[in-house]
Each structure stands twice: as C-alpha cells, then as structure tokens.
Amino acid sequence: MGHANETEGLKREVIAAAAKYFAVKKREEKAYAPGDRIHYAGRVYDEKEISYLVDAALDFWLTAGTYAGQFEKKLGEYLGTRYCSLTNSGSSANLLAFMALTSPRLGGRAINRGDEVITVAAGFPTTVAPVVQFGAVPVFVDICLPSCGIDCSKLEDALSERTKAVMLAHTLGNPFDLERVKDFCDRHGLWLVEDNCDALGSRYFFRGEWRRTGSIGHLGTSSFYPPHHITTGEGGAVYTDHPELKQIVDSFRDWGRDCRCPSGHDNTCRKRFCQQRGDLPAGYDHKYIYSHFGYNLKITDLQAAVGCAQLDKLPGFIECRSRNWSILRSGLGDTADCFILPEAAANSIPSWFGFLLIVKESAGFTRDEIVRCLEESGIQTRMLFAGNLLRQPCFDEMRKSGRGYRVAGDLVNTDLLMNRAFWLGVYPGITEEKACFMVARIKGFIKKKHGA
C-alpha cells in the first residue's frame, strides 16, 4: 500500500512538472504582429493534453488501452452513434470503412471487384483510393457550387446494375445533401459511407431532427491529423450504428482476426478453444483465427490520451472556427464581383474546416496571382486538395486506357475548382486580429488590381 502511494505521488509530481513546463513555454511565445506567418491550420492544446499524454506514458501501455476505450466511448456519444473504432489515421479509417463493405459476411450486398461506387473527383484522394486499390470502379459525378457537394441531380445517371455504394466527403465541413443522397441509397439498396474527416461536429437537419454528420450513413469516418478539428497527431476513427459492420471494421483493423478480445485480454467470449472455423482443427485457438485479409491499423494509448483531452475542447474549437469563418465571410461580402463566396448548405450548421474562395473569370486577376500575394504576405493558402482527381498523375494509366473508372456526365464545376479555387484557414489558432488582417490583405490586393 505504501509503495502504491509513493508511485502515485511521484506520478502526480511528474504530471505537474510537465504542465508547468508547458505554462512556462507558452509564456515565452512571441506575440503576433501583422506580417507574421498565419498558418492555415495546426494543433491547439494546453496543459490538459500534456498531462493526459504524460499519464499514459508513465503507464507505458503503448498499444490501445484505457484511454482508447474512453475516447471511443466519448466520441461515439458525441456523434450519436452506437459504435466507434479508433484507427491510426483518417486515410486508414476510409480504407476500413470501404473494406468492411467487401466482407463475405454481407452476402449479396458485399462489394466485389468490378462493382461500382459513386463518388466525386473534387476532394482528397483517400476517399477514392480504397475503391481503386480493391479493384472496384469509382463513378465520378460533378459537384454543385458554392457548396462543393455532389450534384444530386446526376445520381440516377451514375447508377448501374453494378452500383453497390456511395462514398462522399463533406467538403471543408459543409455537408453534402444528405437527405437526397440517403434517399437515393435507400431506394436502390446502396451503402452510404460519409467521409466526415473535414466535418467533425457539423450538423444536418435529417428527417425531422438535427444529426451529426457521419452518423447518417451506414459508416462514417474521422481524421485526427493536426489540421483537423481535433488532433491526436496521427489518428482516425470509423463509426456506425450497425453491430455487424462494427465487428467487420474491427476485424480488418486488427489483422483480420475473428477474435474480438480487447488488447491484453484473453477468452472474453469463453469459447477460445471450443470453436471450429474454416478447415482448421476443432478447438484451434480463436485468437489466431482470421476471417478477413486484414491489417494492423490500431491507435496507441498515447494518441488516445491526447484525443480525450481534445474532444473536451471540440465545442469551443467549433465556435472559434465559426467565428473566423464569419469574419471572413462578412469582411469579404462586398467582393462577390471577384469571388464565388462560400455558403452553408441548406439544412445544415457546418463545423467549418476552411474558407473557400473561387476566383471568377471576370475578377481581373487569377487564382495564382492572389495566392502568390497572400503567401508573400505570410498567409498560408491551400488548393481544394486534388482539384480534379482524374487529372492527377496517379490516374495517368487509367486515363490512358479508359478503364477502371467511369464519369457520369461532365465535371465542369470540378475543373473550375481545380483552376480557380483556394482556401484559407479558420482553425482556433487564428485570432480575430489575424482573420481581420487576412480580409484586409485580400481587399488591398483587389483594390490595387482594380487601380482604385
């Protein structure tokens, strides 16, 4: 008992010292001055994350453990989903969500090689990469402006007898038309995967009630990479209300194993040595039975500890993002002759990831010119990810052969985004002063270009 008290006391001292170190380091940071670099995104944390991280490190449980269990429970409760599975990145989350739908356990609804998945080309590659890597066929549909969500009027044109799923992202936190997309999926018996990596905390009024994005499709995904709404450094999550999909996701994540014992636990099903699967001998150790060709994509408890602290801050982070987005939107409201300005999608309350500007052809300047000006002024900018994924080098061979994908209609708006769009950060590290400087610099550029 005395030894336990001593170690607990020492642990408290180490955690307190780490928190004090953070406080001193924070005081030494240089105050912002106009012209200093304004990052588009970054990690925002304090002594709480430091304390949780050190606490996890002192226990030295390096794989998923107590903090991972807490994080999964808290995130599921926040989203309103029954199940949540942590993983090592948002890209892995998308991979797991898609691969779960290929499981033989799903019978006739399983996605097979050659089956089709409806998606868009205006976004991040890892929404589409799992489809291509598996050997299914992505079917690309154009997007609507200014929301940058899928053009739902083209969904029926994209449908074929091979269509099995729709996999889409909520662009920069702005929800796509979930009502129409989910109705389309329900009518045709299709799976819906919501890539929610840029939209954690966004809400959508769905069938008479406000729901969190990511909780409406059969599967949702998140990323916790530093630019995102919360961060664990590297990390992600898959969530669902369907117990069978939860089991399949966990199997693919955990080497493809059939056993569902948590890390460090044995025989929780009480059937470890009394089952017969495949052509294995009866009673073969269930911990080494594999029902899928899986991966090892688990998170560590060190990452999950940071996630627990970050999740508590998420409402405040969303509020800061909304404030910054509103400052940019109101400050640039009179520049509609130069830009297509962003707007929240109908029936939604976005948790904004960024502020998108689309330079009009009649603006009197190009996207490249204003981006160069902003970057030289210390303001980071970003393109809308891949622009048009089909024009990326990774699609060269497929494009030349004309095989492995399909386009329903044209991608006019997707190409417009590729050529004229860029976005600015709204993350909580951007203060009101920084946001106002961004507005002033953009308006100053326009004034100079127009000779006013």
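All values derive from a computational prediction rather than experimental measurement.

**Focus on helix 10 (residues 367-376)**
Considered for burial, the residues of helix 10 that qualify are Arg 367, Ile 370, Val 371, Cys 373 and Leu 374. Mapping the buried residues of helix 10 onto a view down its axis gives an arc of 160°, with all of them on the same face. Residues of helix 10 that are buried sit in contact with strand 10 (339-340), strand 12 (354-359), helix 12 (412-420), strand 14 (421-425) and helix 13 (432-449). Once helix 10 finishes, Gly 378 follows within two positions and takes phi at roughly 90°, a positive value.

**Description of the environment of Ala 41**
By the secondary structure assignment, Ala 41 is in the loop between helix 1 (2-27) and helix 2 (47-59). C-alpha separation for the pair Ala 41 and Val 132, spaced 91 residues apart in sequence, amounts to 29 Å.

**Description of the sheet that holds strand 5 (residues 191-195)**
Pairing is mixed across the open sheet formed by 8 strands, whose spatial order is 1-9-8-5-4-2-3-13. Two strands lie at the open edges of the sheet, namely strand 1 (83-87) and strand 13 (406-407), each paired on one side alone. Along the sheet, helix 4 (residues 90-100) contacts strand 1, strand 2 (116-120), strand 4 (163-169), strand 5, strand 8 (219-223) and strand 9 (236-240); its crossing angle with strand 8, the most-contacted strand, is approximately 165°. On the sheet, helix 8 (residues 243-253) packs against strand 1, strand 5, strand 8 and strand 9 and is oriented at approximately 15° with respect to strand 1.

**Quick notes on the pattern of salt bridges**
Two side chains of opposite charge can pair, provided their charged atoms sit close to one another. Under the counting rule described, the total for this entry stands at 36 salt bridges. The partner of Arg 187 in a salt bridge is Glu 156, and the shortest N-O contact between them spans 2.6 Å. Note that Arg 187 is positioned in helix 7 (residues 178-188) and Glu 156 in helix 6 (residues 155-158), a separation of 31 residues in sequence. What makes Glu 156 partly exposed here is its relative accessible area of 39%.

**Focus on the side chain of Thr 240**
Mapping Thr 240 onto the fold places it in strand 9. A polar contact is formed between the side chain of Thr 240 and the backbone oxygen of His 218, at a distance of 2.7 Å. For Thr 240, the side chain forms a polar contact with the main-chain nitrogen of His 242, separated by 3.1 Å. Not counting residues up to four positions away in its chain, the partners in contact with Thr 240 are Thr 81, Arg 82, Tyr 83, His 218, Leu 219, Leu 245 and Lys 246.

**Considerations on the packing of aromatic side chains**
Under the criterion given, the structure shown has 16 aromatic pairs. Between Phe 22 and Tyr 45 the ring centres are 5.5 Å apart and the planes differ by 50°, which places this aromatic pair in the tilted class. Of the two residues, Phe 22 sits in helix 1 while Tyr 45 sits in the loop between helix 1 and helix 2, which places them 23 residues apart along the sequence. Ring geometry for Trp 325 and Trp 352: centres 4.3 Å apart, planes at 5°, overall stacked. Residue Trp 325 is found in helix 9 (residues 301-331), and its partner Trp 352 is found in the loop between strand 11 (348-349) and strand 12; the two are separated by 27 residues along the sequence.

**Comments concerning the environment of His 228**
Structurally, the position occupied by His 228 is in the loop between strand 8 and strand 9. Aside from chain neighbours lying at most four places away, what touches His 228 is Cys 197, Asp 198, Ser 223, Arg 321 and Phe 353. Engagement of the side chain of His 228 in a polar contact is seen with the side chain of Asp 198, the distance being 3.5 Å.

**Some points on the nonpolar core**
If you look at the biggest cluster of nonpolar residues, it comprises 35 residues, and the most contacted ones within it are Ile 118, Ile 150, Val 166, Val 181, Leu 356 and Leu 417. In terms of residue count, the dominant contributor to this core is helix 7 (4 residues). Setting aside residues no more than four positions away along its own chain, Leu 356 makes contact with Cys 148, Leu 172, Ile 340, Pro 342, Leu 384, Leu 417, Ala 421, Phe 422 and Trp 423. Phe 339, Leu 341, Phe 445 and Ile 446 belong to the second largest nonpolar core, which has 32 residues in total.

**Re the environment of Tyr 239**
If you trace the backbone, Tyr 239 turns up in strand 9. Judged by its relative accessible area of 0%, Tyr 239 falls in the buried class. Beyond its immediate stretch of four places on either side in the chain, Tyr 239 contacts Leu 79, Thr 81, Tyr 83, Cys 84, Asn 196, Gly 214, His 218, Leu 219, Gly 220, Thr 221 and Ser 222. In terms of polar contacts, Tyr 239 uses its side chain to reach the side chain of Asn 196, at 3.1 Å. A polar contact is formed between the side chain of Tyr 239 and the backbone oxygen of Thr 221, at a distance of 3.0 Å.

**Here's the deal with the sheet that holds strand 11**
Taking strand neighbours across the sheet as the criterion, the 3 strands line up as 7-6-11 in an open arrangement whose pairing is antiparallel. Taken across any chain shown, the strands that pair with only one partner, and hence form the sheet edges, are strand 7 (209-212) and strand 11. Relative to strand 7, strand 6 (residues 203-206) runs antiparallel, the two sharing 4 bridges. For Phe 206, the partnering residue across the bridge sits in strand 7 and is Glu 209.

Analysis parameters
Residues numbered from 1 in each chain as written. Predicted model: local features only at pLDDT ≥ 70, side-chain atom pairs only at ≥ 80, totals over all residues. Heavy atoms only, no water. Buried < 20%, exposed > 50% of the residue type's maximum accessible area, 1.4 Å probe, protein only. Helix = DSSP H or I, 4+ residues; strand = E, 2+ residues; numbered from the N terminus. Arc of directions from axis to C-beta. Contact = heavy atoms within 4.5 Å. Pairing = 2+ DSSP bridges. Axes fitted to C-alpha atoms, helices over the stretch in contact; angles between N-to-C directions. Salt bridge = Lys/Arg side-chain N within 4 Å of Asp/Glu carboxyl O. Polar contact = N/O pair within 3.5 Å; in protein donor to acceptor, adjacent residues only side chain to side chain. Phe/Tyr/Trp six-rings, centres within 6.5 Å; stacked < 30°, edge-to-face > 60°. Core = buried A, V, L, I, M, F, W, Y, C linked by side-chain atoms within 4.5 Å.

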